[in-house]
Amino acid sequence: MTVTPTTAQVGDKLPELTFGPISRTTLALYAGASGDHNPIHIDLDFAKNAGMDDVFAHGMLSMAQLGRLATNWAGQDRMRALSTRFTAITPVGATLTCTGQVVDRHEEHGRVLLTIKLAAHIDDGTQTLRGEAKICGTP
Amino acid sequence: MGIFNRSTKGHVTPPIEVTIERGPLAFFSETIGETDPIYLNPETAQAAGHPDILAPATYAAVVGTFADQIARRKGQPDILELINGDLRVLLHGTEAYTYHGPMFAGDVVTVENEMTDFTDAKGGKLEIAHVTTCITHPTRGLLVEATRSIIHRLG
């Protein structure tokens, strides 16, 4: 049976989401679409001058994937909160695997509130983001 | 010693109006790989009872960035200029949203930022700026509260 916000129990996993490989084109498009023009993500010369070997992906591009994972499952109207910590840089060419698991379900003011633990990992197993979503589980 | 201008702690930026335009919103959703037509196709969104296409979960950051751009065009400092952010050593630490209501294409929202605090970590190797952004709709009220930490790698 498919797990939904109204039936989810602690320990249940959300459908995984993968994104990538993240190309330089993706980063250029994300810079334009998000308005984040920080050259560290799109300009190799700038990145090298800043002591980096290469440009790296916008953290917010990965957070957007955690957001998609949560909203694809629950729908935007059930989203109460979304938070992330950026734990490692995401290199060009990486493919993200995003996962979510229900870690808490409790009633608050007569409403069911789910806490979902979220994470993004890249190909070599490095965790790049960890986060949390609060989702309404009231039928 | 840090780089951030810590005297801006407590500063609240003047409210900036941002129009959530349909084309840029759909472009963003496509770029992040969104395929649900509720984020892309106005007809699908309207059939679902929405006034227009829906903004995805992290669009609050984009609205904040657009507000920064508008502030600069008005001759006002954006957040990074205000706190003296240095892009060469800048990292994004955390980002968090509390959702109070959805944002749709066509909405005209107001963005206000507060420089809430500056902290240090890892024995002074990192300095962290904490910023809160509120996105408000004139009739639907507060839509999203966003908090962000921006890090300088020092030394």
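Everything quoted here is computed from the prediction, not taken from an experiment. (Residues numbered from 1 in each chain as written. Chains lettered and ligands numbered in written order. Predicted model: local features only at pLDDT ≥ 70, side-chain atom pairs only at ≥ 80, totals over all residues.)

A few points about the overall build of chain A
Logical step 1: The helix and strand tally for chain A stands at three helices and five strands.
Logical step 2: Seen in sequence order, chain A has helices and strands lined up from the N terminus as β-α-α-α-β-β-β-β.
Logical step 3: The principal-axis extent of the C-alpha atoms belonging to chain A is close to 55 × 30 × 20 Å.
Logical step 4: Relative to its 139 residues, chain A shows a buried fraction of 40%. (Helix = DSSP H or I, 4+ residues; strand = E, 2+ residues; numbered from the N terminus. Buried ≥ 20, exposed ≤ 12 C-beta atoms within 10 Å, placed from the backbone.)

Structural notes on the interface of chain A and chain B
Logical step 1: Between chain A and chain B, the residue contacts involve 31 residues of the former and 27 residues of the latter.
Logical step 2: Going through the elements one at a time, helix 1 (24–34), helix 3 (59–74) and strand 2 (79–86) of chain A are the ones with two or more residues in the side of chain A that touches chain B.
Logical step 3: It is helix 3 of chain A that contributes the most residues to the side of chain A that touches chain B, ten residues altogether.
Logical step 4: For the side of chain A that touches chain B, the residue count by class is 16 nonpolar, ten polar and five charged.
Logical step 5: Sheet analysis places strand 2 of chain A next to strand 2 (residues 90–99) of chain B, joined by five bridges and oriented antiparallel. From the neighbouring strand, R85(A) faces strand 2 of chain B, where its bridge partner is T94(B). (Contact = placed C-beta atoms within 7 Å. Nonpolar A, V, L, I, M, F, W, Y, C, P; charged D, E, K, R; others polar. Pairing = 2+ DSSP bridges.)

Details of the sheet that holds strand 3 (residues 96–108) of chain A
Logical step 1: Strand order in this open sheet of ten strands is 1(A)-3(A)-4(A)-5(A)-2(A)-2(B)-5(B)-4(B)-3(B)-1(B), and the pairing throughout is antiparallel. One side of each edge strand has no neighbouring strand; the edge strands of this open sheet are strand 1 (17–19) of chain A together with strand 1 (16–19) of chain B. When the angles between neighbouring strand axes are averaged without regard to direction, this sheet yields 25 degrees. (Axes fitted to C-alpha atoms, helices over the stretch in contact; angles between N-to-C directions.)

Quick word on helix 3 (residues 59–73) of chain B
Residues and elements named next belong to chain B.
Logical step 1: Spanning 15 residues, helix 3 covers 21 Å between terminal C-alpha atoms, matching the ideal 21 Å at 1.5 Å per step.
Logical step 2: Within the span of helix 3, buried status applies to Y59, A60, A61, V62, V63, G64, F66, A67, D68 and A71.
Logical step 3: Looking one or two residues beyond helix 3, the residue adopting positive phi is G75, at roughly 85 degrees. (Expected span 1.5 Å × (residues − 1).)

Focus on the environment of A121(B)
Residue and element names in this part refer to chain B.
Logical step 1: Of note, A121 is situated in strand 3 (residues 108–121).
Logical step 2: Classification of A121 by C-beta neighbours within 10 Å gives exposed; the count is 12.
Logical step 3: Placed 110 residues apart in sequence, A121 and H11 show a C-alpha to C-alpha distance of 22 Å.
Logical step 4: Residues in contact with A121, not counting those within four places in the same chain, are L126 and I128.

Concerning the nonpolar core
Logical step 1: If you look at the biggest cluster of nonpolar residues, it comprises 67 residues, and the most contacted ones within it are A70(A), I20(B) and V63(B).
Logical step 2: No other element matches the nine residues that helix 3 of chain A contributes to this core.
Logical step 3: Each residue touching A70(A), except ones within four places of it in the same chain, is listed here: M79(A), L82(A), G100(A), I116(A), A133(A), I135(A) and A57(B).
Logical step 4: Within the second largest apolar cluster, nine residues are counted, among which are F4(B), I79(B), L82(B) and A129(B). (Core = buried A, V, L, I, M, F, W, Y, C linked by C-beta atoms within 7 Å.)

What to know about helix 3 of chain A
Logical step 1: When the terminal C-alpha atoms of helix 3 of chain A are compared, their 23 Å separation across 16 residues agrees well with the 22 Å that a helix rising 1.5 Å per residue should span.
Logical step 2: Of the residues flanking the end of helix 3 of chain A, it is G75(A), one or two places downstream, whose phi is positive at about 85 degrees.

Side note on the environment of L14(A)
Logical step 1: Relative to the helices and strands, L14(A) resides in the segment before strand 1.
Logical step 2: If we ignore the near neighbours within four places in the chain, the residues touching L14(A) are L69(A), W73(A), G100(A), Q101(A) and I116(A).

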